[in-house]
Amino acid sequence: MPNTSLIFYYFCIMNLKVSVISKSEELPAMTCRNFFHSTEFFHIIAATPGHTPLMAVACDEEGRVAAHLLAIVRRRGSLMPPYLFTQGRIYGVGEYEEDVDPETTFPLLLDAITRRFRRKLCLYAEFSNLPNKMFGYRYFRQLGYFPVSWQEVHNSLHSMEPRERLSEHRQQLIDRLRKAGIVTREINNDEELQAVYDLFHRANRFTPRNFIPPMKFFSGCHASEHVKIYATFSDEHIIGACASVSTEGNAWLWYVAAERMNRHSKRPALMTIWHAIEQAHAERLRHFYFMDAGLPFRKSKYREFILGFGGKPVAKYRWFRFSFSWLNKLLAWLYRE
């Protein structure tokens, strides 16, 4: 059991009561600005087979929601390669009212979610997309999580036109592809959504880490005003697709896939991602974040590819915790700095 004395101390001085909710009808009224911690996303997860939403809610003495954090428990399995387990997944560190300090309230939410992950028998939990590298470091460590250095990438959309950040070669390539009839646009019917979903699956079938949720998940996201699903067409055939989330004045590239086309395999991805960046700029969003810039290896072809859009690399941590203590200790030792 982790030492939770510091977390208990914060619980006492702040006088907040934390509960974890997994049923939609039990959600209290709360202010939601961040899509990834919203009641809307909670309902999407709840409607997705094999997924369970967990909303950690911190309330003050008057019953006001001071902070909340949404986690996902996924049931994952496959025949090729064979595996079956549950995973805890969290994007970001939750939402906080203006008079609430995230640094002191986050450990309460983290402790509550970690306890629920243990009850759900999650093989491992993963926190990503933290606001800065050192956020919550002490509390993650205290609860048995270990950090993995992770390179993230984001583009600024407000200080310069996105096209000005492209190399001349990439600008010319985009222009040639458009003249050749390659078109990217937002999908507008269920048939196109199904084709995009099939592409996501084909492109990720041999990469177990790039988990693609069931179709019900994407149907719920497609109905949200915060999520845009774009597809790239060549002769009416979808060759690339992505899902982009707009929240709190920024865009987040969530899922992306492209058909393998020999030496031109990156071109569908190029057109798809570029269109998502252009649309985010047209909507006057401030930044365009790549939620996954590839595994934390020193060299990554995918990371080099997305850096070609003129983005900025940022070193951060992702935090992991495995349910088997020996495995958790081994991985923590392997990824020590």
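Up top is the structure these notes are about.
Residues numbered from 1 in each chain as written. Predicted model: local features only at pLDDT ≥ 70, side-chain atom pairs only at ≥ 80, totals over all residues. Heavy atoms only, no water.

(A) The overall build of the protein, seen in detail. Secondary structure assignment for the protein yields 10 helices and 13 strands. For the protein, the C-alpha radius of gyration of 21 Å lies close to 20 Å, the compact-globule estimate for 337 residues. With the principal axes as the frame, the protein shows a C-alpha extent of 65 × 40 × 35 Å. Counting over 337 residues, the protein shows a buried share of 52%. Long-range contacts, defined here as pairs at least 24 residues apart, represent 72% of the contacts in the protein between residues at least 6 apart. (Helix = DSSP H or I, 4+ residues; strand = E, 2+ residues; numbered from the N terminus. Rg over C-alpha atoms; globule rule 2.2 N^0.38 Å. Buried < 20%, exposed > 50% of the residue type's maximum accessible area, 1.4 Å probe, protein only. Contact = heavy atoms within 4.5 Å.)

(B) Layout of the nonpolar core. In terms of nonpolar packing, the biggest core is built from 41 residues, with Phe36, Phe41, Trp254 and Tyr255 touching the most fellow members. Looking at this core, the elements that each hand over two or more residues are α2 (39-46), β2 (51-59), β3 (65-79), α6 (190-204), α7 (215-222), β9 (227-234), β10 (237-247) and β11 (250-258). Sort the elements by how many residues they give to this core and α6 lands first, with 5 residues. When residues no more than four places from it in sequence are discounted, the contact partners of Phe41 are Phe35, Phe36, Leu70, Ile72, Phe217 and Trp254. Core analysis: the next-biggest nonpolar cluster, separate from the first, contains 32 residues, Ile90, Tyr96, Ala112 and Phe127 among them. (Core = buried A, V, L, I, M, F, W, Y, C linked by side-chain atoms within 4.5 Å.)

(C) Region of the structure containing the packing of aromatic side chains. By the definition in use, this model includes 37 aromatic pairs. Here Phe35 and Phe36 contribute two aromatic rings whose centre-to-centre distance is 5.7 Å and whose plane-to-plane angle is 75°, an arrangement assigned as edge-to-face. Taken individually, Phe35 and Phe36 each receive the classification buried, so the pair is uniform in this respect. Pairing Phe200 with Tyr255 gives two aromatic rings, centres 6.2 Å apart and planes at 45°, and the pair type is tilted. You can see Phe200 sitting in helix α6 and its partner Tyr255 sitting in strand β11, a full 55 residues away along the chain. Comparing Phe200 with Tyr255, the two get one shared label, buried. An aromatic cluster of at least three residues, connected via ring pairs, comprises Phe35, Phe36, Phe41, Tyr91, Tyr197, Phe200, Phe217, Phe218, Trp252, Trp254, Tyr255 and Tyr289. Sitting over the face of the ring of Trp150, Arg318 holds its NZ or CZ atom 4.4 Å from the ring centroid. Lying over the aromatic face of Trp333, Arg336 brings its terminal NZ or CZ to 4.2 Å of the ring centre. (Phe/Tyr/Trp six-rings, centres within 6.5 Å; stacked < 30°, edge-to-face > 60°. Lys NZ or Arg CZ within 6 Å of the ring centre and 35° of its normal.)

(D) How the structure looks around a nonpolar patch on the surface. Judged by side-chain polarity, Phe324, Trp326, Leu330, Trp333, Leu334 and Tyr335 come together as a nonpolar surface patch covering roughly 700 Å² of accessible area. Within the secondary structure layout, Leu330 lies in helix α10 (residues 325-334). (Patch = residues over 30% accessible without salt bridge, like charges linked within 9 Å, V, L, I, M, F, W, Y side chains within 5 Å. Areas by Shrake-Rupley, 256 points an atom, 1.4 Å probe, with all protein chains shown as cover. Salt bridge = Lys/Arg side-chain N within 4 Å of Asp/Glu carboxyl O.)

(E) Expanded view of the pairing of β2. Of all the 9 residues making up β2, 8 are buried; the element is thus mostly covered by neighbouring parts of the structure. The sheet contact formed by strand β1 (residues 17-21) and β2 spans 5 bridges and is antiparallel. Bridging from a neighbouring strand, Ser19 pairs with Val57 of β2. (Pairing = 2+ DSSP bridges.)

(F) The arrangement of the pattern of salt bridges in detail. All chains considered together, the criterion is met by 12 salt bridges. Between Glu95 and Arg33 there is a salt bridge, with the nearest N and O atoms lying 3.6 Å from each other. With Glu95 in strand β5 (residues 95-96) and Arg33 in the loop between β1 and α2, this residue pair connects regions lying 62 residues apart in the sequence. We classify Arg33 as partly exposed; its relative accessible area is 38%. Note that Asp175 and Arg163 form a salt bridge whose closest N and O atoms lie 2.7 Å from each other. Of the two residues, Asp175 sits in helix α5 (residues 168-179) while Arg163 sits in the loop between β7 (146-156) and α5, which places them 12 residues apart along the sequence. In this structure Arg163 comes out as partly exposed when scored by relative accessible area, which is 30%. Via salt bridges that share partners, Asp60, Arg64 and Asp99 belong to a single interconnected network.

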